[in-house]
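Geometric and topological summary
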Amino acid sequence: MKERILGPGNGAANGKYEYLVLSVKPGESIAEARQRVREHSEYGKWELERSRLYMGGGRRYWLRRRVIAVERTA
C-alpha cells in the first residue's frame, strides 16, 4: 500500500483541507486496506472523502482532514 499526503499547497483543491491518498495494488487484501483506512480515521482524524475501484482490481482511497490555522497572539 502506498501513501501520499497532499497539503494545502501541494495540489489540494483548496486550503481548508489536507489530503491523504492511499493506493492499493490489485493483489493486496481488501481487509488490510479497510483496516488501514480505519486506523487513519480513528487515530489521525482523517475522514474518507472518496474511494475508487479501478479495472484490474486496484483501489485508491482519498482521506481528508481540516487544516487548522494557528494565529500568533504575541
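Let me begin by describing the structure that accompanies this report. Small disclaimer: the values here were computed from a predicted structure and weren't measured.

So, about the pairing of strand 4 (residues 59–66). With eight bridges connecting them, strand 2 (residues 17–24) and strand 4 associate as antiparallel partners. Residue pairing for strand 4: Val 21 is matched across the bridge by Trp 62. Sheet topology places strand 3 (residues 47–53) next to strand 4; six bridges connect them, and they run antiparallel. Paired with Arg 50 across the bridge in strand 4 is Trp 62. Hairpin connection of strand 3 to strand 4: five residues between the antiparallel strands, including Gly 56 at a positive phi of 100°.

Here the focus is unusual backbone geometry. One non-glycine residue with positive phi stands out, namely Lys 45, at about 65°. Relative to the helices and strands, Lys 45 resides in the loop between helix 1 (30–44) and strand 3.

Cut-offs applied
- Per-chain numbering applies: the sequence of each chain, read as written, is numbered from 1 onward.
- Only residues with pLDDT of 70 or above have their local features reported here, since the model is predicted, and side-chain atom pairs are shown and tallied only from 80 upward, although totals for entire chains, interfaces and linings are computed over all residues.
- Heavy atoms throughout the structure, all of them, feed into the side-chain values; hydrogens and water do not.
- Here, any two strands with at least 2 DSSP bridges between them count as paired.
- Numbered from the N terminus, helices here are DSSP runs of H or I no shorter than four residues, and strands are runs of E no shorter than two.

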